[in-house]
Amino acid sequence: MTTHAPRRPEHRPQPGRRSVLAAGGALALGASGLLTGCGGDTSDGGAGDRFRAAFTSGGSQETLDPHVAPNFVDQARAKALYDTLGTYADDMSVRKRLAESWESDASGTRWHIRLRAARFHDGKPVTARDVLYSYRRAADPAVGSPSQVLLSAIDFDASKADGERGLVLVLDAPNFEFPTVFAGPGTEIVPHGTTDFREPVGSGPFTYVSFTPGGTARFRRWADHWDGAPHIAELEIVPADEESARLGALLSGQVHYAADMAGASVERLKKDGSTRLLTAERATAQQLLLRTGRAPFDDPRLIRAVQLGIDRAALVRIALAGHGEPGNDLFGMGLRGYPDALPPRERDVGAARRLVRQAGADGLRITVETSSVDAAWEPAADLMARQLREIGLRLTANTRASSTYFSEIKTKGVAAFNTTSTLPVSDFLQQRVRGGAARNQTQYASRTFDALLDRARTTREEQERLGLLARAQKIARDESGLLVWAYSDANDAIARSVRGLRAAPPNSHDWACFDRVRLS
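None of the values given here were measured: they were computed from a predicted structure. (Residues numbered from 1 in each chain as written. Predicted model: local features only at pLDDT ≥ 70, side-chain atom pairs only at ≥ 80, totals over all residues. Heavy atoms only, no water.)

A look at the packing of aromatic side chains
What the rule picks out here adds up to 15 aromatic pairs. Ring centres of Phe72 and Trp511 lie 5.0 Å apart, and the angle between their planes is 55°; this geometry places the pair in the tilted category. Here Phe72 is found in helix α1 (residues 72-81), whereas its partner Trp511 is found in the loop between β18 (498-499) and β19 (518-519), with 439 residues between them in sequence. With respect to class, Phe72 is no different from Trp511; both count as buried. Relative to Phe182, the ring of Phe178 has its centre 5.3 Å away and its plane inclined at 85°; by these criteria the two rings are edge-to-face. As far as burial versus exposure is concerned, Phe178 and Phe182 are alike and both buried. Linked through ring pairs, Phe51, Phe55, Phe72, Tyr257, Trp511 and Phe514 together constitute an aromatic cluster. Residue placement shows Lys96 over the ring face of Trp102; its charged tip is 5.2 Å from the ring centre. (Phe/Tyr/Trp six-rings, centres within 6.5 Å; stacked < 30°, edge-to-face > 60°. Helix = DSSP H or I, 4+ residues; strand = E, 2+ residues; numbered from the N terminus. Buried < 20%, exposed > 50% of the residue type's maximum accessible area, 1.4 Å probe, protein only. Lys NZ or Arg CZ within 6 Å of the ring centre and 35° of its normal.)

Have a look at this one:
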């Protein structure tokens with residue numbers, strides 16, 4: 001089979017809505033084939049043992065390469081086809097999957113891992129050699145794994161297989177948080193040497209049938225999966241970019257599952273007897289990114305002014321239609337490592353106005369980048385504009401196309417909306433706030449913050465480690481330009497005929513995990 005070299009970064013799909021990262025495609029519902037039905041009993045979503053799930057598409061550059069998994073739909077497909085060494089529980093603690101066990105030496109630099117007996121779809125065993133190849137590939141910046149910065153800490157020259165099912169991973173520096181990497185998006189295990197993902201082979205619960213980038217992906221139950229065969233015979237993941245299209249497809253019985261519902265759709269679904277909502281509360285951090293490396297937000301007084309000038313309770317009430325709660329400019333509310341003791345950020349119009357005047361910025365016009373990728377962003381931008389006018393700033397929104405939004409805000413503008421779903425706090429800080437990190441979009445850089453992160457990851461004692469993380473977060477909260485203005489609920493919806501799914505935060509194991517689904 002012809003192989004392809006890893007795609008360069010400029011050709012990668014970009015992160016999408018509420019994902020480790022999120023992006024909306026541009027396909028209409030009609031293009032997915034949903035309007036024409038799918039055969040069988042369409043009142044129950046299609047053929048009796050075929051489960052259909054609707055997600056926002058990532059567009060024509062989608063791939064089944066699991067190491068390029070920025071969007072919700074990518075992660076759902078990756079869960080079907082592949083497996084990882086570990087997986088996240090709801091609280092982002094790590095549970096075992098392909099790994100039967102792991103432990104570090106006293107230094108935290110050598111991790112011994114034992115694999116369980118598992119096989120790929122072609123019958124070959126999953127081996128330590130496959131894990132080393134997969135991690136080395138995902139650590140390559142040219143591939144674009146969301147976990148690249150974490151995997152790059154592995155010294156692959158020193159790491160080695162210890163028999164077929166044992167391996168030793170050697171790190172460049174001590175890291176007692178390292179097992180969180182085993183469950184991260186973009187860390188799936190593929191057969192050694194794989195570079196072509198047009199007809200992929202994995203070790204997940206479903207095997208590949210067909211896939212069209214930006215279109216439908218079809219999978220079939222794999223009876224020999226190490227964790228047991230799925231209950232459904234077939235899985236289809238179909239594109240429906242507009243929330244209204246996903247809602248309509250669910251209510252008309254064309255799909256069993258509609259991902260990422262919000263606002264008015266949630267209220268309608270609450271009243272509909274043919275569906276059930278799966279709501280994971282506070283699962284998504286709603287962020288305003290202020291680029292500290294560019295004027296005007298290279299002036300910390302203006303960052304502070306915006307923090308004090310916005311009314312978070314009003315933003316939750318209006319932009320989120322009440323489905324969430326105010327944020328405190330910190331990621332990870334409710335998770336291990338979140339510093340609960342910090343008081344909430346209160347609006348103070350007088351103090352904010354004084355900071356604007358001290359910075360000589362009274363009447364300053366600021367453009368914020370936004371998009372229809374998230375239904376909350378545009379109303380949030382409108383409301384923030386009214387709130388910040390009271391402190392002397394003139395905020396206007398620049399609405400960008402959803403298909404290119406996340407690629408464009410990497411280099412353009414000084415302020416932008418973003419969302420991030422549930423992740424381990426230490427991993428988020430390492431990937432999004434650390435100076436020089438590829439996903440640090442505010443361009444924040446602090447030697448003090450980075451040093452605290454390093455100390456936390458190299459500290460063996462748990463409580464001391466969490467204390468160092470809390471100190472780092474307090475600094476970033478005030479300085480980084482990453483404003484978490486709210487936590488919104490994550491809502492998916494299912495038909496009443498569906499069993500075996502529960503509400504779970506995105507990125508956790510039970511979210512979009514369809515191998516235990518049953519259709520009644």
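On we go.
Some points on the sheet that holds strand β5 (residues 110-115)
Reading across the sheet, the 4 strands line up as β4-β5-β7-β6 and stay open at both edges, with antiparallel pairing between neighbours. The two strands at the open ends of the sheet, each matched to only one other strand, are β4 (99-104) and β6 (160-161). In terms of strand pairing, β5 meets strand β7 (residues 166-170) through 5 bridges, oriented antiparallel. Across the sheet, residue His112 finds its bridge partner in β7, namely Val168. Relative to β7, helix α2 (residues 128-138) is tilted by about 30°, and along the sheet it contacts β5, β6 and β7. (Pairing = 2+ DSSP bridges. Contact = heavy atoms within 4.5 Å. Axes fitted to C-alpha atoms, helices over the stretch in contact; angles between N-to-C directions.)

What about the packing of helix α6 (residues 300-309) against helix α8 (residues 349-358)?
Packed helices, taken two at a time, are described by their axes: the angle between them and the distance between them. Two elements in contact, α6 and α8, have axes separated by 8 Å at closest approach and are oriented at 160°. As the angle between them shows, α6 and α8 are arranged roughly antiparallel. Once α6 is placed against α8, the crossing between them reads as left-handed. Together, Arg301, Leu302, Arg304, Ala305, Leu308 and Gly309 of α6 and Val349, Ala351, Ala352, Leu355, Val356 and Gln358 of α8 make up the contact between the two elements. Among the residues making up the contact of α6 with α8, the classes are represented as 8 nonpolar, 2 polar and 2 charged. (Parallel < 35°, antiparallel > 145°, perpendicular 65-115°, else oblique. Left-handed = near helix turned anticlockwise from the far one by under 90°. Nonpolar A, V, L, I, M, F, W, Y, C, P; charged D, E, K, R; others polar.)

Regarding the environment of Tyr405
Relative to the assigned elements, Tyr405 resides in helix α10 (residues 405-408). The class for Tyr405 is buried, based on a relative accessible area of 0%. One polar contact links the side chain of Tyr405 to the main-chain carbonyl oxygen of Phe417, over a distance of 2.7 Å. (Polar contact = N/O pair within 3.5 Å; in protein donor to acceptor, adjacent residues only side chain to side chain.)

Things to note about the pairing of β7
Counting buried residues along β7, 5 of its 5 residues qualify, which places the element largely inside the surrounding structure. Residues Gly166, Val168 and Val170 line one face of β7 and the alternating positions Leu167 and Leu169 line the opposite face, and both faces are buried. Sheet topology note: the β6/β7 ladder contains 2 bridges and is antiparallel. In the strand pairing of β7, Lys160 is matched with Val168.

The quantities given are spatial measurements derived from coordinates; they are silent on function.
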